[in-house]
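# Topology and contacts: notes
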Amino acid sequence: MANLTIKNLKKSFGDIEILKGIDLEIKDNEFVVFVGPSGCGKSTLLRSIAGLEDVTSGHIMLDHKEITDLAPAKRDLAMVFQSYALYPHMSVRKNMSFALELAKENKEVISTKVSEAARILELEPLLERKPKELSGGQRQRVAIGRAIVRQPKVFLFDEPLSNLDAALRVQMRLELARLHHDLNATMIYVTHDQVEAMTLADKVVVLNQGRIEQVGTPLELYRNPANRFVAGFLGMPKMSFLPGNVTAIDASSVTVELTSGASVTLPAASEHLRKGSAVTVGVRPENIDVVEPSESSLTGYMDIAESLGSDTYCYVKTDGQETLTVRMPGNFACNYGDRIGLRLHVDECHLFDEQGNAVQKPSRMAA
Amino acid sequence: MKTTALNAGPVSSAAEPEKDSRKGESKKTSRINRFMVSPSVLVLALWMVIPLSMTIYFSLIRYNLLYPGDNEFVGLENFQFFVTDFGFMAGMSNTLLLVGAVLLITVVLGVLISLLINQAFWGQGIVRILLISPFFIMPTVNALIWKNLLLHPVSGVFAAIWKFFGATPIDWFSEFPLFSIIMIVSWQWLPFAILLLMTALQSLDQEQQEAARLDGAGPWALFFHLTLPHLARPIAVVVMIETIFLLSIFAEIFTTTGGGPGYETTNLAYLIYSQALLQFDVGLASAGGLIAVVLANIAAFFLVRLIGKSLTEKQ
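Here the structure is a predicted model, which means the values were calculated and not measured.

What chain B contains, in helices and strands, is 14 helices and zero strands. Starting at the N terminus, the α and β elements of chain B follow one another as α-α-α-α-α-α-α-α-α-α-α-α-α-α. Counting only residues that meet the buried cut, chain B has 30% of its 315 residues in that class. Within chain B, residue pairs in contact and separated by at least 24 positions form 72% of the contacts whose partners lie at least 6 positions apart.

Moving on to the domain arrangement of chain A. Domain boundaries in chain A define domain 1 (4-232) and domain 2 (237-366). Each of domain 1 of chain A and domain 2 of chain A has a C-alpha centre, and the two are 38 Å apart.

So, on to the sheet that holds strand β2 (residues 16-26) of chain A. All names here are of chain A. Spatially, four strands are ordered β2-β1-β4-β5 in an open sheet, and the strand pairing comes out antiparallel. Looking at strand neighbours, the two that pair on one side only are β2 and β5 (65-66), the edges of this open sheet. Across the sheet, helix α1 (residues 42-50) touches β1 (4-13), β2 and β4 (57-62), and the angle it forms with β2 is around 65°.

All names here are of chain B. Confidence in the prediction of chain B, expressed as mean pLDDT, is 82, and 90% of residues score 70 or more. Least confident of the elements in chain B is helix α1 (residues 2-22), whose mean pLDDT is 44; most confident is helix α9 (residues 177-202), at 90. Scored below 50 in pLDDT, residues 1-18 shows 18 contacts in the model against residues more than four places distant or in partner chains. This complex was scored by the predictor with a pTM of 0.76 and an ipTM of 0.79.

Structurally, the position occupied by Leu102(A) is in helix α2 (residues 92-102). With 199 residues separating them in the primary sequence, Leu102(A) and Tyr301(A) have C-alpha atoms 66 Å apart. Not counting residues within four places of it along the chain, the set of residues in contact with Leu102(A) comprises Asp215(B), Gly216(B), Ala217(B) and Ala221(B).

We now examine the packing of helix α4 (residues 86-118) of chain B against helix α11 (residues 219-246) of chain B. Residue and element names in this part refer to chain B. Remark: α4 packs on α11, axes separated minimally by 10 Å, with the N-to-C direction vectors making an angle of 145°. Handedness of the α4/α11 crossing: right-handed. Between α4 and α11, the contacting residues are Leu98, Val99, Val102, Leu103, Thr106, Val107, Gly110 and Val111 on the first element and Leu231, Ile235, Val238, Val239, Glu242, Thr243 and Leu246 on the second.

Here we come to unusual backbone geometry. Residues and elements named next belong to chain A. Looking along the chain, the bond that leaves Met236 and enters Pro237 is cis, with omega of -5°. With respect to the helices, strands and loops of the structure, Pro237 is situated in the loop between α8 (228-233) and β11 (240-249). Positive phi outside glycine occurs at Asp63, with the angle close to 50°. Tracing the backbone through its elements, the reader meets Asp63 in the loop between β4 and β5.

Take the sheet that holds strand β6 (residues 77-80) of chain A next. All names here are of chain A. Ordered by their spatial adjacency, six strands build an open sheet running β6-β7-β8-β3-β9-β10, and the pairing between neighbours is mixed. The open sheet has two edge strands with one neighbour each: β6 and β10 (211-216). Looking at each pair of strands side by side, their axes are set apart by 20° on average, direction ignored. Across five bridges, the pairing between strand β3 (residues 31-35) and strand β8 (residues 186-191) is parallel. Across the sheet, the residue bridging to Val33 is Tyr189, located in β8. Contacting β6 and β7 (154-158), helix α4 (residues 136-148) runs over the sheet at an angle of about 175° to β6.

Before going further, it helps to examine the interface of chain B and chain A. The interface of chain B with chain A comprises 16 residues on the first partner and 17 residues on the second. Those elements that provide at least two residues to the side of chain B that touches chain A are α10 (206-214) and α11 of chain B. A class-by-class count of the residues in the side of chain B that touches chain A yields six nonpolar, four polar and six charged.

Conventions we followed
- Residues numbered from 1 in each chain as written.
- Chains lettered and ligands numbered in written order.
- Predicted model: local features only at pLDDT ≥ 70, side-chain atom pairs only at ≥ 80, totals over all residues.
- Helix = DSSP H or I, 4+ residues; strand = E, 2+ residues; numbered from the N terminus.
- Buried ≥ 20, exposed ≤ 12 C-beta atoms within 10 Å, placed from the backbone.
- Contact = placed C-beta atoms within 7 Å.
- Domains from an automatic or database assignment.
- Pairing = 2+ DSSP bridges.
- Axes fitted to C-alpha atoms, helices over the stretch in contact; angles between N-to-C directions.
- pLDDT = per-residue confidence, 0-100.
- Left-handed = near helix turned anticlockwise from the far one by under 90°.
- Nonpolar A, V, L, I, M, F, W, Y, C, P; charged D, E, K, R; others polar.

Pasting the structure below:
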């Protein structure tokens with residue numbers, strides 16, 4: 001069992017408040033990813049959980065036991081660091097057994113646990129080597145092995161893949177996902193990489209400026225972002241935002257006039273919207289089609305197109321000087337400066353009010 | 001004497017790879033290269049060869065300044081005389097004791113003090129400068145400060161402390177002469193150890209420490225398993241450099257005890273000085289100098305074998 005509860009956690013460095021009241025519930029066996037831009041407090045939150053930072057106020061509870069002021073070693077947590085933080089003068093075996101030896105564990109137990117971890121991580125041939133004789137991926141595995149041997153209740157990962165090259169990162173990402181299944185462990189993972197967040201997480205926690213913006217499964221956050229920040233943060237390429245004004249309101253839809261003069265009608269629960277209120281329409285690259293200029297009221301010019309083989313990302317400048325990203329198939333052909341029309345999939349668009357909060361869709365509310 | 005001999009090593013060893021790497025190149029460039037480096041090689045060779053050969057020559061003749069003109073060849077008599085002299089064994093053991101004790105004190109205290117001042121505290125900058133400053137004081141001045149202001153049995157600070165507690169002040173230089181010298185030299189060289197170890201501590205990886213804390217390491221385990229291995233290299237550097245300089249400690253002895261009482265604070269460097277300039281026996285002093293050179297080279301050989309290996313090893 002490993003249920004972690006965080007209640008109203010606050011942390012300040014001097015006058016600067018890093019965490020401004022975090023409430024979070026992490027269930028047993030969950031893979032939770034903290035994601036957010038640099039300086040959002042995600043690493044501080046993780047380090048507070050680990051006990052490496054003293055919190056200013058609030059509570060951290062593991063299985064209903066208060067651990068807020070406990071020493072790091074007594075919390076039954078293990079952490080994998082960004083720099084791996086292997087002990088340079090110890091062999092791989094010694095690195096992994098260090099915690100157990102400090103805990104005065106039986107020698108045979110230590111050796112069984114280490115060889116078990118080495119087997120899981122395929123480190124057996126490297127056990128007698130020193131960290132400096134290992135490649136980045138191998139060091140990463142040793143760092144994970146060091147965590148595994150302790151059989152902690154919760155694994156903490158602090159941007160563990162950011163020092164690896166792209167190919168290795170994909171491979172280690174898969175291995176981490178597999179490890180989560182095999183060990184059946186509770187894991188908390190900090191990253192600024194949304195791909196890692198989307199692919200690994202059972203639950204994503206989006207942080208911004210010391211606050212939790214939204215918590216949910218990756219798809220929930222992708223499909224139904226609670227506000228403009230989450231909408232813009234998740235998704236690659238980013239969601240495009242078109243400012244506009246409400247011109248007409250109906251029971252289940254809202255008509256918005258965009259800066260370029262084009263009007264779009266979106267399904268939305270319009271209770272707290274008024275005629276004339278400023279809103280933002282958010283639309284993902286895959287929810288826009290390129291059509292002939294005559295077929296749509298929203299027109300513009302093709303800016304740069306990035307061809308990735310499988311897809312082509314087109315950056316479009318509308319007549320109202322808004323920039324949009326459109327995802328087209330890989331064989332899509334266009335030229336810089338082409339005049340084009342754009343058609344939005346209105347059912348998939350997101351509407352945000354002046355404060356940046358998402359306006360609920362009527363269908364979702366019913367469901 | 002010693003410095004000339006130590007120079008001999010690098011000069012001859014640098015010449016060897018030079019020969020090898022020249023092989024592939026055209027004869028003309030190699031000739032020009034040789035021509036260009038020859039002045040400095042020549043100067044270095046003269047610098048080393050002339051004093052060395054003069055020392056060897058002096059060591060083989062009878063050469064006492066009190067008996068000019070009486071300079072006949074005596075073979076190895078000077079060497080035999082020097083080695084069998086009572087002062088030689090005393091000088092050897094005092095040299096070893098002095099070097100060993102100062103190394104021990106500076107390394108142990110150096111590690112502890114640099115750990116202490118590595119913590120953040122108010123006035124850290126000033127304290128660091130104060131800790132480093134003894135290194136900038138000239139050895140003679142240092143010895144005089146200790147002799148007249150600190151250890152003096154009547155007017156010294158230590159005597160005042162002893163009197164304050166009602167104890168009889170100690171006459172340090174007559175009761176514990178070698179220990180007094182060790183104190184003085186340690187005070188001079190401790191800043192050097194602190195300087196090196198302090199900078200090394202700043203490069204100690206924070207995440208490793210945090211990882212160890214999560215692994216359950218307390219302050220002792222952190223020190224023995226992380227800090228000390230991290231400091232192994234700078235400690236090796238401190239030991240090596242200090243050994244080179246401590247073998248030839250002279251000013252501190254000259255200004256305080258003058259080698260006495262008896263031979264109690266006479267090290268090899270001081271013994272050679274006393275042979276040459278107190279007893280005016282240049283031949284005997286030259287023989288002693290050559291013996292000291294050989295001993296220094298033996299020490300250097302073992303040091304390089306021991307420590308050089310850990311220094312060249314990649315980390």
